[in-house]
Structures are given as C-alpha cells and as structure tokens.
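Report on the structure
Below, each chain spelled out in residue letters.
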Amino acid sequence: MSPRRLLAAGAVAYLLALALGAPAELLRAPLQASLPGLVPGPLAGHPVSGRAEGARLGTARLDGVAWRLRPLGLLAGRVVFEIAIDGGPSHAELRITREVGDPGFVIERLDGEIDLAWLGEAVPSLPVRGTGRLVVEGASVSLDPGGWPRSADGRLRLAAADLQAPVPLTIGSAEGRIAVDDARLAIAFALPGDGDLVGEGRAVLAPDGRATFRAELAPAPGADRGVADLLRLAGRPRDDGRFAIDWSGRME
C-alpha cells in the first residue's frame, strides 16, 4: 500500500473511531442543514449511522428518518449522507452531498413511493386531494441554501391515481419528468388515457409561489360525459377534440 493510501486509510479509521463513540445528537444540525425544513425527533445511534424516531419535514409528520454518513467523502471535502425517510405507507431514499464551504447541496439520487392519500393528510395546504401512488425514480436535484432547486432531472410516475379535489377525476397512470427552467421548477407530463383524460401538459412553479399550468387534454375513450363538460369550461375543443388549458395563479 502506498504511503498516501495508508495515510488516507488511517485518517478514515480515526474519523470512524471518533464518530462511533460520539452521540447521535451531534448530527442534528448537519441533518437539518442537509434537508431544509426537517425537524428530527429524538436521535438514536451515532453520527455515522442512526435514526430519528419521528420527525417533521415542513408541515408533514414523518414516522422516522434514518441516516448513514459516508466518511470517505470527508477526505474529498464533502459531506455525504444516505438518508431513508418513512411516513405511513410512503418511503423515500436519498443520497445527499454537500461540498465543505458551499451552503447549497446536491441530492445525487432520489427514489421513493409516496401515497397520495397520506400526502394530503400530511400537507393540509395542498390544493389537491387524491389517492394512488407517486413514484420517483433516479431523480437528481441541486438545491440552493434555501432549498430551492438550481437544477433537476428525474422521472415521475403516477399509478392508480384518483383526484378527489377540486373535482373528482380518475387519472389512472401518468408519466412525467422534472426539470428547472429559468430558476422555475417544471414538470412535464403525459396521460395515456387509462383514466378520464388523455393528453399532455406542463406545470411550472416559481420560487415566489407563482404557478402556471398549460395542457392539451381530451376525454379518454369511455370517460363519463361530465369530464367533457368540465373541459368545456376552458373553451371550445379544437378539431382534434382536445381542449387547451391555460391557468396561472399563486401557490400559497
């Protein structure tokens, strides 16, 4: 083994020995810095590996947050966490990296499955209620110190989704991708028509809460006539039967 590798291995072993003998409470501040809005409950374990029994993320109450620190990242001037979040039937796993001295951070990978009914109960301010599952696969997000995305890329899927508010709709499945466009978070989506609607659209949210929703939608084959009546509120259909939806407002 070269002297450089030997020195690095010795440094990691020393850091691990220190961390394994330290209380998990030392990690409260780094955890909260890595996930803005996170308020962990009692911490168990140690700084390298442990769990918060109960937590809040914004207004959402969580059952627990488990973490694992990757000490090798410290040798490269990075703090690397692998975090698992549980809330009711919802679960997410994240790999978070922070460069030492950089107040921003990067979610290198995010995978999760969120139950929409649980989400509606956990975040009462959401304007939409529903059932089904939102699946996030291999998403990556770079965030500024306030937690707003600088860049984002990832695939989203809805499965067996029904919206109960503001109007009842069967969504079925949907495919989407997240991105950041001119500092705004954008979600492009497509509905294959196994629910009440078929078409595609794009939702955009700005840091100040301004939002836009533009879509071209039509009733799916076999959809209830009420779906067409609802779409007619947006105007007359085009020759291909699709309705142009254009909404803007502010999310509180």
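What comes next concerns the included structure. Please read all numbers here as calculations on a predicted model, not as lab measurements.

So, about the nonpolar core. In this structure, Leu35, Val65, Trp67, Ile83, Ile85, Leu94 and Ile96 are the most contacted members of the largest nonpolar core, which totals 30 residues. Contributions of two or more residues to this core are made by strand E3 (49-57), strand E4 (60-69), strand E5 (78-87), strand E6 (90-99), strand E7 (105-115), helix H4 (116-122), strand E8 (129-143) and strand E9 (149-165). Here this core takes five residues from E4, the largest share from any one element. When residues no more than four places from it in sequence are discounted, the contact partners of Ile96 are Ser34, Leu35, Val79, Val80, Phe81, Ile83, Phe105, Val106 and Ile107. Leu116, Leu191, Val227 and Ile245 belong to the second-largest nonpolar core, a separate cluster that totals 14 residues.

This paragraph deals with the pattern of salt bridges. A complete count under the given rule lists 19 salt bridges for this structure. Here Arg210 ties to Asp208 by a salt bridge, and the two come within 2.7 Å at their closest N and O atoms. A relative accessible area of 48% places Arg210 in the partly exposed class. What makes Asp208 partly exposed here is its relative accessible area of 40%. Several salt bridges converge on common partners, so that one network encompasses Arg70, Glu82, Arg95 and Glu108.

Enumeration over the complete set of coordinates arrives at one aromatic pair. Where Phe189 meets Phe213, the ring centres are 5.8 Å apart and the plane angle is 15°; that geometry is what we call stacked. You can see Phe189 sitting in strand E11 (residues 184-192) and its partner Phe213 sitting in strand E13 (residues 210-219), a full 24 residues away along the chain. Of the residues examined, Phe189 reaches a relative accessible area of 18% and is grouped as buried.

Right, let's get into the environment of Asp229. Mapped onto the fold, Asp229 is located in helix H5 (residues 225-231). Residue Asp229 is classed as partly exposed on the basis of its relative accessible area of 40%. Each C-alpha atom of the pair Asp229 and Pro219 lies 9.6 Å from the other, and the pair is ten residues apart in sequence.

Non-glycine residue Ala160 carries a positive phi angle of around 50°. Structurally, Ala160 can be placed in strand E9. Even without glycine at this site, Ala183 takes up a positive phi of about 70°. Here Ala183 shows up in the loop between strand E10 (169-181) and E11.

In the sheet, E11 pairs with strand E12 (residues 197-205) via eight bridges, with the strands oriented antiparallel. When the bridges of E12 are listed, Leu191 appears paired with Gly199. The hairpin formed by E11 and E12 contains four residues between the paired strands, and Gly193 there has a positive phi angle of roughly 100°. Pairing geometry for E12 and E13, over nine bridges, is antiparallel. In the sheet register, Val204 faces E13, and the bridge partner there is Thr212. Hairpin connection between E12 and E13: a loop of four residues separates the two successive antiparallel strands, and Gly209 in this loop has a positive phi of roughly 95°.

Right, let's get into the environment of Asp240. One can find Asp240 in the loop between H5 and strand E14 (243-250). C-alpha separation for the pair Asp240 and Ala218, spaced 22 residues apart in sequence, amounts to 8.9 Å. There is a polar contact of 2.7 Å between the side chain of Asp240 and the side chain of Arg238. A distance of 3.0 Å separates a polar atom in the side chain of Asp240 from the backbone nitrogen of Arg242.

Criteria and cut-off values
Position labels on residues start from 1 in each chain and follow its written sequence. Only residues with pLDDT of at least 70 are given local features in this predicted model, and only at 80 or more are side-chain atom pairs given and counted; all residues enter the totals for whole chains, interfaces and linings. The basis for every side-chain value is the complete set of heavy atoms in the structure, and neither hydrogens nor water enter the calculation. In this text, buried Ala, Val, Leu, Ile, Met, Phe, Trp, Tyr and Cys residues form a nonpolar core when linked through side-chain atoms within 4.5 Å. Under the scheme applied here, a residue whose accessible area is under 20% of the maximum for its type counts as buried, over 50% as exposed, and between as partly exposed, the area being computed with a 1.4 Å probe on protein chains only. Helix numbering and strand numbering both begin at the N terminus, where a helix is a DSSP run of H or I of at least 4 residues and a strand a DSSP run of E of at least 2. The contact criterion used is simple: two residues touch if any of their non-hydrogen atoms lie within 4.5 Å. Salt bridges, as used here, are contacts in which a Lys or Arg side-chain nitrogen is within 4 Å of a carboxyl oxygen on Asp or Glu. Pairing of aromatic rings covers Phe, Tyr and the six-membered ring of Trp, with a centre-to-centre limit of 6.5 Å; geometry is then stacked below 30 degrees between planes, edge-to-face above 60, and tilted otherwise. We call two strands paired when DSSP finds no fewer than two bridges between them. Polar contacts, as counted here, are pairs of nitrogen or oxygen atoms within 3.5 Å of one another; within protein the pair requires one atom able to donate a hydrogen and one able to accept it, and residues that are adjacent in sequence qualify only if both atoms are side-chain atoms.

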